[in-house]
Structure formats: C-alpha cells, structure tokens
Amino acid sequence: MAGTADDGDGRLDERMMGRALRRAAHARIVSPPNPWVGAVIAAASGIAFEGSTQRPGGPHAEIVALERAGAAAQGSTMWVTLEPCNHHGRTGPCTEAIISAGVRRVVVAVVDPDVRVGGSGISRLREAGVEVQVGVGGAAGETLLSPYLHHRRTGRPYVVLKLAATSDAATAASDGTSQWITGPAARHDAHLLRAESGAIVVGAGTVRADNPALTARSVNAPDGGDVVQPLRVVLGEAPPDAAVQPCETWSGDLDALLNHLGERDVLQVMVEGGATVAHGFHWQGLVDRYVLYLAPALMGGSGGLSLFAGSGAATIEDLWRGEFVGIRPVGEDLRLDLVPPSPHSNSDSDSDLT
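Per-chain numbering applies: the sequence of each chain, read as written, is numbered from 1 onward. Given that this is a predicted model, residues contribute local features only at a pLDDT of at least 70 and side-chain atom pairs are listed and counted only at 80 or more, while totals for whole chains, interfaces and linings are drawn from all residues. As a rule here, side-chain values cover all heavy atoms of the structure and leave hydrogens and water aside.

A. Representation of the pairing of strand E4 (residues 77–82). To sort residues, take the accessible area from a 1.4 Å probe on protein chains only and compare it with the maximum for the residue type: under 20% means buried, over 50% means exposed, and anything in between is partly exposed. Under the scheme used here, helices are H or I runs from DSSP no shorter than 4 residues and strands are E runs no shorter than 2 residues, and both carry numbers assigned from the N terminus. Where burial is concerned, most of E4 is hidden: six out of the six residues are buried. Pairing between strands is defined by DSSP: at least two bridges between them are needed. Across four bridges, strand E2 (residues 38–42) lies against E4 in antiparallel orientation. Of the residues in E4, the one forming a bridge with Ile-41 is Met-78. Pairing between E4 and strand E5 (residues 105–110): five bridges, direction parallel. Paired with Trp-79 across the two strands is Val-107, which belongs to E5.

Here it is in structure tokens:
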C-alpha cells in the first residue's frame with residue numbers, strides 16, 4: 001500500500017507511526033503466535049509504502065513494506081511498531097533486509113522483550129550506520145501489543161475475562177436462562193475477542209447448560225483466509241456430543257493451566273465463564289483485562305444470578321478497584337474495559353476513556 005508521507009504540519013514521526021499502528025491492528029487476528037506488527041516506509045519522493053505481518057511462516061511487516069517500496073527504500077525512513085528481529089526463525093532477520101535495502105533511518109515504537117531480540121535488532125542497525133529512534137508511539141504500541149508483550153515477559157498468556165450482564169448486573173435469570181442478554185453487535189464484538197485469542201476457557205457447567213460452540217464464526221480474516229479458531233479448554237468434563245468439541249479438558253489448578261498454555265505459545269486466553277470460573281480467575285488475581293458488556297435491560301429484582309459465584313468482599317474497604325480504560329457503545333449495548341490498577345495508580349486518578 002502506498003500513499004503520501006507528509007501533510008505538512010511537521011509531526012511526521014507521530015503521524016507515520018500512527019499509520020504503522022493501524023497496519024499492525026490489521027494483522028491482529030492473522031499473525032499470532034507472532035506479534036502483530038505494522039511498518040511504513042517513506043521514500044525520498046514522499047511516497048509511503050505500508051506493510052503488516054502476515055500469517056506464521058509469511059513475511060514480517062518490515063519485509064512486506066520493503067518489497068512494496070523496492071528501490072525507493074534506498075535512503076528512506078521506516079517506522080515500525082516493534083523492534084525488527086535480528087535472528088533466524090521461520091524467516092530471516094528483518095535487520096539484514098533493512099540494511100541491505102539502504103534504509104537510512106528507523107523509528108521504533110516498542111523494544112521487543114523476546115530473549116532472541118531484546119535490543120539486539122536496534123544494536124545491529126546502529127552498528128550498520130542506520131539511525132535509530134526508539135519510543136515514538138510507545139504507549140499506543142504497548143497497548144496494542146499487550147498480549148504478546150505479557151507473554152514474552154512472563155511466559156504466560158494475557159487473560160481476558162469476558163462478562164455480559166443486564167444494567168443491574170444480572171448475568172442470568174433465576175431459572176438459569178441467559179441467552180441472549182446482549183444484542184447481535186455485542187455478540188459479534190465478543191466473537192472478535194475470540195478470534196484474537198489463542199484459547200477459550202469455559203466451565204463444564206456452562207457447557208452443559210448453554211452448549212456453546214465457542215468459535216469466532218462471525219469474524220472474517222482481513223487477508224481473506226479462514227480465521228484460525230481458538231483452542232477450547234473445558235474445566236471439567238465435556239460431553240462427547242457437546243458443540244464445544246473438539247476440545248481439551250483440564251482438572252488442575254488455574255495457575256498451572258496458564259503455565260501450560262504459555263508453553264504452547266498461546267498469547268491470549270479468553271475466559272467465558274460461567275460465574276464460578278469467573279470468580280476463580282478474578283479472586284486469584286489472574287485477570288489482565290475485564291471486558292463487560294452491559295445491556296439496556298433490568299432484571300428488576302434480587303432473583304437474577306450474579307456475574308461471580310463465590311465469596312466476595314466482606315467490607316467496602318475490600319472492594320477490588322481497577323481502572324476503566326475503555327467505554328464505548330456496541331450496538332444497543334455498552335462495552336466497559338477494566339484493567340487491574342497499575343503499581344503507580346491510585347483510586348483518585350483519572351483514566352483515559354476511549
């Protein structure tokens with residue numbers, strides 16, 4: 001993809017990194033377990049060439065952009081959302097391709113914590129005389145790459161707990177029925193979360209009660225190929241004819257499950273319930289992001305079932321308090337994104353709402 005590099009306001013690095021981040025988001029559901037990366041090259045002529053990471057085994061974002069730029073890469077600037085790799089894996093090192101193409105300057109949003117990279121890509125480029133600037137768009141890059149970065153730093157997948165409730169916080173009626181609290185747009189949005197996840201975790205009780213398939217069936221891959229369906233993990237036993245089949249079952253503790261999935265290169269796990277499973281992940285402090293869909297509906301009494309099943313805070317001082325990082329309408333419903341508090345935050349600080 002080509003376009004014009006500058007519109008004349010002098011903030012070229014920020015704008016071009018913004019373009020690279022949008023390209024990275026385009027690769028979010030096709031590149032895992034590789035990181036979803038975007039790159040933009042601006043030639044001396046002012047024409048820009050874009051690329052994003054392809055499916056595993058395919059070229060990285062930098063290579064796609066270089067191939068599109070061709071000879072125009074000589075003397076150019078590249079903006080890339082993650083430090084270029086400097087090792088041989090399924091593909092060759094991006095650093096060598098950048099150097100061979102004659103790129104003059106590389107702007108990097110985020111340093112790659114992978115032990116095979118970890119600053120070596122930046123060092124290699126500088127050794128070859130390429131000017132490198134690090135940190136432009138870093139905060140946005142960290143947010144976009146949260147699951148990948150978390151996995152590389154901890155060895156465990158990033159855990160997303162998805163919840164859906166009425167506006168008075170009921171997740172099911174007293175008879176156990178829960179389909180459908182939210183509307184079609186919210187359900188499609190949840191399918192996108194599934195497509196972004198390497199595994200889905202659900203309790204055996206939910207499998208028996210709702211018989212969910214737990215597939216991302218309403219999502220289309222941006223490259224036109226098939227969406228890779230997540231691994232389904234059932235806590236307990238799943239009936240052989242359940243819609244979730246084929247699945248894996250797990251009877252160990254949740255910490256061990258996350259270690260197991262991390263070793264299998266699962267970058268993100270989506271927990272879909274039920275209430276007992278949600279409670280287990282929450283109270284063990286295993287959730288990295290809470291995604292709550294609120295419907296414009298009221299149960300209107302005390303008979304509805306809660307989002308969590310288990311003991312909660314005994315006093316108001318014991319409330320779990322996180323940070324809202326996103327509030328937006330999804331069709332007729334509202335999506336709230338919460339994360340645990342950062343080490344330097346406090347309950348009086350303002351959160352960024354998007």
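B. Representation of the layout of surface pockets in the model. In this model, the largest pocket occupies a volume close to 1,300 Å³. In terms of lining, the largest pocket is formed by 42 residues, of which the most central are Thr-143, Leu-144, Ser-146, Arg-289 and Asp-337. Those elements that place two or more of their residues in the lining of the largest pocket are helix H1 (12–26), helix H5 (138–144), helix H6 (146–154), strand E7 (158–166), helix H7 (184–195), strand E12 (289–295), strand E13 (323–330) and strand E14 (333–339). Under the scheme applied here, ten amino acids are nonpolar (Ala, Val, Leu, Ile, Met, Phe, Trp, Tyr, Cys and Pro), four are charged (Asp, Glu, Lys and Arg), and all others, including Gly, are polar. Looking at the lining of the largest pocket residue by residue, the class counts come to 20 nonpolar, ten polar and twelve charged. Here the term cavity refers to a set of points on a 1 Å grid, laid over the protein atoms alone, in which a 1.4 Å probe fits but cannot get out; the term pocket refers to an open set having protein on both sides within 12 Å along at least five of seven lines, with lining residues being those that place an atom within 4 Å of a point. Grid points are joined across faces, edges and corners, and a volume is the space filled by probe spheres set on the points.

C. Representation of the sheet that holds E7. Sheet architecture is open: eight strands sit in the order E10-E9-E8-E11-E7-E12-E14-E13, paired in mixed fashion. Looking at strand neighbours, the two that pair on one side only are strand E10 (248–250) and E13, the edges of this open sheet. Averaged over all neighbouring strand pairs, the angle between strand axes comes to 25°, with direction disregarded. Pairing analysis gives seven bridges linking E13 to E14, with the strands arranged antiparallel. Across the sheet, the residue bridging to Glu-323 is Val-339, located in E14. A fitted line through C-alpha atoms serves as each axis, taken over the contacting stretch for helices, and the angle formed by two N-to-C directions is quoted from 0 to 180°.

D. Geometry of the packing of aromatic side chains. Two rings from Phe, Tyr or Trp (for Trp, the six-membered ring) form a pair when their centres are within 6.5 Å of each other. A pair whose planes differ by under 30 degrees is stacked, one over 60 is edge-to-face, and the rest are tilted. Evaluated as defined, the whole model comprises one aromatic pair. When the centroid spacing of 4.9 Å and the interplanar angle of 55° are considered together, the rings of Tyr-290 and Trp-320 count as tilted. On the criterion of sequence distance, the pair formed by Tyr-290 in strand E12 and Trp-320 in the loop between E12 and E13 is long-range, its members being 30 residues apart. A relative accessible area of 6% places Tyr-290 in the buried class. Residue classification places Trp-320 among the partly exposed residues on the basis of a relative accessible area of 35%. Two conditions define a charge located above a ring, namely a distance within 6 Å from the ring centre to NZ of Lys or CZ of Arg, and an angle within 35 degrees of the ring normal. Sitting above the plane of the Trp-36 ring, Arg-28 keeps its charged end 3.9 Å from the centroid. The ring of Trp-180 carries the charged tip of Arg-187 above its face, separated from the ring centre by 4.5 Å.

E. Geometry of the nonpolar core. The definition of a nonpolar core used throughout is a set of buried Ala, Val, Leu, Ile, Met, Phe, Trp, Tyr and Cys residues joined through side-chain atoms within 4.5 Å. Counting residues in hydrophobic clusters, the biggest one holds 50 residues, and the most contacted among them are Met-17, Leu-66, Met-78 and Val-106. Here Met-78 is in contact with Val-40, Ile-41, Glu-62, Leu-66, Ile-98, Val-103, Arg-105, Val-106 and Val-107, once residues within four sequence places are set aside. Counting 25 residues, the second-largest nonpolar core is a separate cluster that includes Val-159, Leu-235, Leu-261 and Leu-286. Any two residues whose heavy atoms approach within 4.5 Å are treated as being in contact.

F. Structural context of unusual backbone geometry. The peptide bond linking Gln-245 to Pro-246 adopts the cis configuration, its omega dihedral lying at 0°. In this model, Gly-273 is joined to Gly-274 through a cis peptide bond whose omega is 5°. Here Gly-274 is to be found in the loop between strand E11 (268–271) and helix H10 (275–283). If you check the backbone angles, Asn-211 has positive phi at about 50° while not being a glycine. By the secondary structure assignment, Asn-211 is in the loop between helix H8 (204–210) and strand E9 (231–235). Judged by relative accessible area, which is 39%, Asn-211 ranks as partly exposed. Positive phi is not limited to glycine here, since Leu-214 has a value of about 60°. Residue Leu-214 is classed as buried on the basis of its relative accessible area, which comes to 2%.

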